[in-house]
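Fold and geometry: a report
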Amino acid sequence: MRAWKLDDFGFDNLHLYDDVPVPVPGPGEILVKVAAAALNYRDKALVEGIYAPEKMPKGLIPVADFAGSVAALGEGVTKFAVGDRVTSHFYLDWIDGPWRESYTDRQTGGPLDGGLAEYAVLTEAAAMSTPAHLSDEGAATLPIAALTPWFAMREYGDIGIGDTVLVQGTGGVSVFATQIATALGARVIGTSSSDDKLKRIRELGATDTINYRTTPDWAAAALELTGGEGVDMVIDVVGGTGLTDSVRAVKGSGMVAVVGFLDGQTSPLDLMSVIWRQARVQGIAVGHVRAFERLLRFVGEHRIRPVVDSVFDLEDAREAYERLNQGPFGKVVIKIA
Ligand SMILES: NC(=O)c1ccc[n+]([C@@H]2O[C@H](COP(=O)([O-])OP(=O)(O)OC[C@H]3O[C@@H](n4cnc5c(N)ncnc54)[C@H](OP(=O)(O)O)[C@@H]3O)[C@@H](O)[C@H]2O)c1
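Keep in mind that what you see is a predicted model, and the values were worked out from it rather than measured.

Here we come to the pattern of salt bridges. Enumeration according to the criterion identifies 18 salt bridges in this entry. Close ionic contact of Arg 2 with Glu 118 constitutes a salt bridge, the shortest N to O distance being 3.7 Å. In this pair, Arg 2 is assigned in the segment before strand S1 (3–6) and Glu 118 in the loop between strand S5 (85–88) and strand S6 (119–123), connecting sequence segments 116 residues apart. On the basis of relative accessibility, which here comes to 26%, the residue Arg 2 falls in the partly exposed class. Taking relative accessible area as the criterion, Glu 118 reaches 24% and is therefore assigned partly exposed.

Here's what the structure looks like:
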């Protein structure tokens with residue numbers, strides 16, 4: 001089969017091969033004929049060697065998220081039949097309950113092989129039935145970018161009608177956060193460096209927007225938009241020095257969902273801001289299978305359509321990573337079959 005492999009860290013070491021053996025599903029596993037894969041920031045960070053590099057094997061098939069159809073069944077598989085449409089889940093072993101360190105040993109797209117190939121293996125427990133209204137290209141965008149804000153808003157939080165969510169930027173996670181929060185009936189304040197993207201995020205449901213380039217104190221602007229009270233939740237994809245601004249933007253007992261590290265993996269957090277507000281600073285690591293099932297039902301009921309920024313062919317995967325670098329609106333997809 002054709003597959004990209006990361007022979008060592010760095011984009012120069014990412015190579016497309018056409019003679020990689022098709023993997024064989026073991027007991028409880030399925031072989032997936034991959035139709036589409038979608039990029040997340042972590043897939044780029046992994047190639048660059050800044051995402052858990054100590055855990056990544058040489059020759060890894062990268063990219064965590066993919067969708068396609070079942071091509072073969074391992075021994076004992078009962079959940080699926082050949083031909084069923086399936087979407088991957090990131091953590092093969094995190095089915096429910098609290099996160100455990102051991103779950104990071106079996107993640108799709110590193111340390112386990114991922115979806116940048118014509119075939120991939122999943123456990124039946126971590127393969128999800130693809131919602132009927134979605135194409136494989138749409139479904140491939142969901143596993144990390146949609147589950148993460150869902151996990152923050154509905155599994156740790158209780159966001160619904162009357163609540164306000166602030167969403168940072170217009171990348172994969174943030175566009176899904178906007179769509180999900182809007183479907184939940186919440187008010188969304190969107191932020192972006194681009195007025196054009198702010199216009200597009202309003203079309204997806206954000207009622208208020210802030211350009212964080214022209215309004216660097218976006219937290220003060222968010223307070224103003226909420227009558228000085230603050231928002232119920234910030235989906236923080238930026239991290240770094242700005243984390244204190246997220247805390248400043250939430251109301252008393254509000255939640256900062258610590259999702260991303262676009263501005264750095266460490267933060268000088270102002271603890272007094274956390275203490276006075278009694279803010280909840282909640283780390284989020286994608287989510288478990290049960291939450292993904294609930295999200296997929298919600299996506300089906302609300303007919304949520306993923307926003308695909310661009311689609312690349314398998315041989316053009318490098319260009320897809322480059323597009324991710326440029327700041328897409330929504331998701332970058334690689335079409336495989
Ligand atoms: N913890 C988890 O489970 C989890 C899951 C998914 C992603 N993440 C992390 O979340 C982050 C975002 O992931 P993604 O896949 O959505 O990335 P992405 O699609 O590459 O999104 C990048 C966008 O973020 C915005 N941005 C960049 N710097 C910003 C800043 N200083 N302030 C506000 N917005 C800024 C920009 O939006 P504009 O162009 O509109 O300004 C940019 O286009 C990454 O760090 C990723 O690793 C974590």
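Further notes follow.
Surrounding the ligand, one finds 23 residues, the nearest of these being Thr 170, Ser 192, Tyr 212, Ile 284 and Val 286. Here an oxygen atom of the ligand sits 2.7 Å away from a polar atom, N or O, in the side chain of Ser 193. In the environment of the ligand, an oxygen atom lies 2.8 Å from a nitrogen or oxygen atom belonging to the side chain of Lys 197. Protein contacts shield 86% of the accessible area of the ligand, which totals 930 Å² for the unbound molecule. Tallied by class, residues from the shell around the ligand come to 13 nonpolar, 9 polar and 1 charged.

According to the domain assignment, the chain consists of domain 1 (3–142 + 306–335) and domain 2 (147–283). Distance between the C-alpha centres of domain 1 and domain 2: 28 Å. Contact with domain 1, which involves 13 residues of that partner, is made by 15 residues of domain 2. Summed over both partners, the interface of domain 1 with domain 2 comes to about 1200 Å²; 70% of that surface belongs to carbon and sulfur atoms. The largest per-residue losses of area from domain 1 upon contact with domain 2 belong to Tyr 41, Val 307 and Phe 329, which jointly make up 46% of the total buried on that side. Connecting domain 1 to domain 2 are 0 salt bridges. At the junction of domain 1 and domain 2, the tally comes to 3 residue pairs in polar contact (both at pLDDT 80 or more). Tallied by class, residues from the side of domain 1 that touches domain 2 come to 8 nonpolar, 4 polar and 1 charged.

Basis of the calculations
- Residues numbered from 1 in each chain as written.
- Predicted model: local features only at pLDDT ≥ 70, side-chain atom pairs only at ≥ 80, totals over all residues.
- Heavy atoms only, no water.
- Salt bridge = Lys/Arg side-chain N within 4 Å of Asp/Glu carboxyl O.
- Helix = DSSP H or I, 4+ residues; strand = E, 2+ residues; numbered from the N terminus.
- Buried < 20%, exposed > 50% of the residue type's maximum accessible area, 1.4 Å probe, protein only.
- Near = heavy atom within 4 Å.
- Polar contact = N/O pair within 3.5 Å; in protein donor to acceptor, adjacent residues only side chain to side chain.
- Areas by Shrake-Rupley, 256 points an atom, 1.4 Å probe, with all protein chains shown as cover.
- Nonpolar A, V, L, I, M, F, W, Y, C, P; charged D, E, K, R; others polar.
- Domains from an automatic or database assignment.
- Contact = heavy atoms within 4.5 Å.
- Buried area = accessible area lost by both parts, 1.4 Å probe.

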